[in-house]
Amino acid sequence: MANDDDTVLDDPVAQSLGGRHARLARRLGRAATYLTGVATFSCVPADPGTEDWADLAGLLGPDAFADMFSSPAVPPPAWKPVFRLDGRQLIRPGGGRPVRPRGASDTGVVELGAQDVPEMLDLVARTEPGPFWPRTHELGTYLGVRVRGTLVAMAGERLRPPGWAEISAVCTAPEARGRGHAALLVSTLAARVEARGERPFLHVAESNTGAIALYERLGFRTRRQVTFQGFRTP
Ligand SMILES: CC(C)(COP(=O)(O)OP(=O)(O)OC[C@H]1O[C@@H](n2cnc3c(N)ncnc32)[C@H](O)[C@@H]1OP(=O)(O)O)[C@@H](O)C(=O)NCCC(=O)NCCS
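Draft legend 1. The sheet that holds strand 6 (residues 109–112), seen in detail. Taken together, the eight strands give an open sheet; going across it, the order is 4-11-5-10-9-8-7-6, and neighbouring strands pair in mixed fashion. In this open sheet, the two edge strands, each paired with only one partner strand, are strand 4 (65–67) and strand 6. Mean inter-strand twist for the sheet, computed between neighbouring axes without regard to direction, equals 30°. As paired elements, strand 5 (residues 80–91) and strand 10 (residues 199–205) share five bridges and run antiparallel to each other.

Pasting the structure below:
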């Protein structure tokens, strides 16, 4: 039975670090972040106090990058803004109904693991789908498409609030685009998530109209607008 409670998607980093990803978390007080090399996302409680920001600074260290993901929390003035990016969060309202990709993909989907990390990092460097680190694949299942042995497309699971799995790192090498690889990978992952009784969701930058068109064609709809934010600790 799919989870109908989508309120956990309002703070997906905290919901993941406090639950499914607890084994990959570092904590101090009520602040938390991911282990180095897994992800840079950090969280403080909703409506944080001075002590919570001090705890996060203690966790990350001085002059360190604090990736607050989509949290609207405003840090103390000494925290320097690094980036702000408008985006949106999408869910698939018709959950439980696998969508077949329209584009033909003549290649099989393979599971990716630790041995594939150098190729995954290379593909990410060429396509820039968003943050991806040497241990990011430990957050969930990562799938790829290989053509004559070379990894040309991938996608995987990132944040894991209770009952949900975020599909992320969706990317296709420039020379392999328009052949349905991304559609195949996203729909395969979404079908796997739904088959285990969970629901898929996604985040995308507002400017990424190509990716938004792809996700909407696969049945995803915007749940809310978000602003991604990062800061440097004092
Ligand atoms: C977005 C991306 C993953 C699509 O990969 P792909 O394998 O070419 O995608 P598909 O072939 O499955 O495309 C399926 C559909 O998506 C849409 N689409 C994909 N790229 C598009 C673009 N640049 N502009 C408009 N529509 C696009 C089209 O509707 C396409 O349908 P079509 O079959 O009629 O062409 C690829 O362009 C990419 O790697 N981009 C850079 C990384 C990135 O932005 N990732 C998404 C992060 S949220």
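Draft legend 2. Focus on a nonpolar patch on the surface. A cluster of nonpolar side chains, contributed by Val82, Phe83 and Leu85, occupies part of the molecular surface with about 230 Å² of accessible area. Inspection of the secondary structure puts Phe83 in strand 5. For Phe83, a relative accessible area of 31% gives the class partly exposed.

Draft legend 3. How the structure looks around the environment of Ala155. Residue placement: Ala155 occurs in strand 8 (residues 150–157). Along the chain, Ala155 and Pro134 lie 21 residues apart, while their C-alpha atoms are 15 Å from each other. Excluding anything up to four places from it in sequence, Ala155 contacts Thr141, Tyr142, Leu143, Ser168, Ala169, Val170, Leu185 and Leu189.

Draft legend 4. Expanded view of the sheet that holds strand 3 (residues 42–43). A sheet is described by the order of its strands in space; here three strands give the open sequence 1-2-3, paired in antiparallel fashion. Edge strands, defined here as strands with exactly one partner in the open sheet, are strand 1 (25–28) and strand 3. Inspection of the sheet shows strand 2 (residues 31–34) paired to strand 3 by two bridges, in the antiparallel sense. Directly across from Thr33, in strand 3, lies its bridge partner Ser42. Here helix 2 (residues 50–60) sits on the sheet in contact with strand 1, strand 2 and strand 3, set at roughly 30° to strand 2.

Draft legend 5. Inspection of the layout of surface pockets at higher detail. By volume, the largest pocket amounts to about 810 Å³. Forming the boundary of the largest pocket are 37 residues, of which Pro129, Val170, Asn208, Ala211 and Tyr215 lie nearest the centre. Where the lining of the largest pocket is concerned, the elements lending two or more residues are strand 5, strand 9 (164–172), helix 4 (181–195), strand 10 and helix 5 (209–217). Counting residues per element, the lining of the largest pocket draws most heavily on strand 9, which supplies seven residues. Looking at the lining of the largest pocket, its residues break down into 20 nonpolar, 10 polar and seven charged. A class-by-class count of the residues in the lining of the second largest pocket yields five nonpolar, four polar and one charged.

Draft legend 6. Examining the pairing of strand 7 (residues 142–147) more closely. Relative to strand 7, strand 6 is paired through four bridges, and the arrangement is antiparallel. Along strand 7, the bridge assignment pairs Glu111 with Leu143. Where strand 7 lies against strand 8, six bridges are found, and the strand directions are antiparallel. Within strand 8, the position partnered with Gly144 by the bridge is Met154. Between strand 7 and strand 8, which pair antiparallel one after the other, the connecting turn spans two residues, and Arg148 there sits at a positive phi close to 50°.

Draft legend 7. Expanded view of the packing of aromatic side chains. Taken as a whole, this structure holds seven aromatic pairs when the rule is applied. Aromatic side chains Trp164 and Phe201 sit 6.2 Å apart centroid to centroid with 85° between the ring planes, which places their arrangement in the edge-to-face category. Here Trp164, found in strand 9, pairs with Phe201, found in strand 10; they are 37 residues apart in sequence, far enough to count as distant. Among the aromatic residues, those joined into a cluster by ring pairs are Phe41, Phe69 and Phe228.

Scoring rules and cut-offs
Residues numbered from 1 in each chain as written. Predicted model: local features only at pLDDT ≥ 70, side-chain atom pairs only at ≥ 80, totals over all residues. Heavy atoms only, no water. Pairing = 2+ DSSP bridges. Helix = DSSP H or I, 4+ residues; strand = E, 2+ residues; numbered from the N terminus. Axes fitted to C-alpha atoms, helices over the stretch in contact; angles between N-to-C directions. Patch = residues over 30% accessible without salt bridge, like charges linked within 9 Å, V, L, I, M, F, W, Y side chains within 5 Å. Areas by Shrake-Rupley, 256 points an atom, 1.4 Å probe, with all protein chains shown as cover. Salt bridge = Lys/Arg side-chain N within 4 Å of Asp/Glu carboxyl O. Buried < 20%, exposed > 50% of the residue type's maximum accessible area, 1.4 Å probe, protein only. Contact = heavy atoms within 4.5 Å. 1 Å grid on protein atoms, 1.4 Å probe; cavity = no way out; pocket = protein on both sides within 12 Å on 5 of 7 lines; lining within 4 Å. Points joined across faces, edges and corners; volume = space filled by probe spheres on them. Nonpolar A, V, L, I, M, F, W, Y, C, P; charged D, E, K, R; others polar. Phe/Tyr/Trp six-rings, centres within 6.5 Å; stacked < 30°, edge-to-face > 60°.

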